[in-house]
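Residue-level structural notes
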Amino acid sequence: MSYDDNNIFARILRGEIPCKKVFEDDHVLAFHDINPLAPVHVLVIPKGAYVSMNDFTATASEAEIAALFRAVGKIAAELGVAEDGWRMLANIGGNGHQEVPHLHIHIFGGRKLGHMLPQH
Ligand code: AMP
């Protein structure tokens, strides 16, 4: 799948759409989800043009990959969910029900999150 420059997260990265930013460095931006599914629901995205974990893991630099995962851990700690437990999740492609075609890692926390997936 080729990258769509007009996806909503590309527009957030260009500053065309506002976001409630929680973290930014050279490679990563993180912001609150617009429709939170838990008391803490933050999206962590690479600044590079990657559709999903498929192309990110295949083509991103070591620095970009390290930055994304370091950021996830740092943000979880800063949001205060590290001690009680939290969840990271990345939806990928059609079966993964990915809605926005720019790689994003969800951070959920602040309540008991239940089973990993519906059991059917
Ligand atoms: P996914 O199904 O993993 O692609 O999730 C996309 C997520 O992006 C959903 O949780 C949406 O609520 C969230 N989202 C969509 N538009 C925005 C936006 N403008 N700002 C913040 N989050 C958004």
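A brief structural summary. (Residues numbered from 1 in each chain as written. Predicted model: local features only at pLDDT ≥ 70, side-chain atom pairs only at ≥ 80, totals over all residues. Heavy atoms only, no water.)

1. Section: the pattern of salt bridges
For the coordinates displayed, the defined rule picks out five salt bridges. Between glutamate 16 and arginine 11 there is a salt bridge, and its shortest N-O distance comes to 3.2 Å. With relative accessibility at 44%, the residue glutamate 16 sits in the partly exposed group. The shortest N-O distance in the salt bridge between glutamate 24 and lysine 21 comes to 2.6 Å. Look at glutamate 24 and you get partly exposed, because its relative accessible area is 41%. The structure contains a network of salt bridges with shared partners spanning Arg11, Arg14 and Glu16. (Salt bridge = Lys/Arg side-chain N within 4 Å of Asp/Glu carboxyl O. Buried < 20%, exposed > 50% of the residue type's maximum accessible area, 1.4 Å probe, protein only.)

2. Quick word on the sheet that holds strand β5 (residues 105–109)
Pairing in this open sheet of five strands is antiparallel, and the strands run β1-β2-β3-β5-β4 from one edge to the other. Edge positions in the sheet fall to β1 (21–24) and β4 (86–89), since each has one partner strand and no second. Each adjacent strand pair in this sheet contributes to an overall mean axis angle of 20°, direction not counted. Two strands pair when backbone bridges link them, and β4 and β5 are joined in this way by four bridges, in the antiparallel orientation. Within β5, the position partnered with arginine 87 by the bridge is phenylalanine 108. (Pairing = 2+ DSSP bridges. Helix = DSSP H or I, 4+ residues; strand = E, 2+ residues; numbered from the N terminus. Axes fitted to C-alpha atoms, helices over the stretch in contact; angles between N-to-C directions.)

3. Overview of the site of the ligand
Around the ligand, the structure places 17 residues, and the nearest of them are Asp33, Asn91, Glu99, His104 and His106. Here the ligand, which alone exposes 510 Å², has 86% of that area covered by the protein. Looking at the shell around the ligand, the elements with two or more residues in it are α1 (8–13), β2 (28–32) and β3 (40–46). In terms of residue count, the dominant contributor to the shell around the ligand is α1 (three residues). Classifying every residue of the shell around the ligand gives seven nonpolar, eight polar and two charged. (Near = heavy atom within 4 Å. Areas by Shrake-Rupley, 256 points an atom, 1.4 Å probe, with all protein chains shown as cover. Nonpolar A, V, L, I, M, F, W, Y, C, P; charged D, E, K, R; others polar.)

4. Some remarks on helix α3 (residues 62–78)
Count 3.6 residues to each turn of an α-helix, and residues three or four apart come out pointing the same way. Between the first and last C-alpha of α3 there are 24 Å, a value that for 17 residues agrees with the 24 Å anticipated at 1.5 Å per step. Every buried residue belonging to α3 is among Glu64, Ala67, Leu68, Ala71, Val72, Ile75 and Ala76, and all of these are buried. One side of α3 holds all its buried residues, which, seen down the axis, span an arc of 155°. Every exposed residue of α3 that faces more than 90 degrees away from the buried side is listed here: Glu62 and Arg70. Considering only its buried residues, α3 is in contact with β1, β2, β3, α2 (53–59), β4 and β5. (Expected span 1.5 Å × (residues − 1). Arc of directions from axis to C-beta. Contact = heavy atoms within 4.5 Å.)

In short, geometric facts, not functional conclusions.
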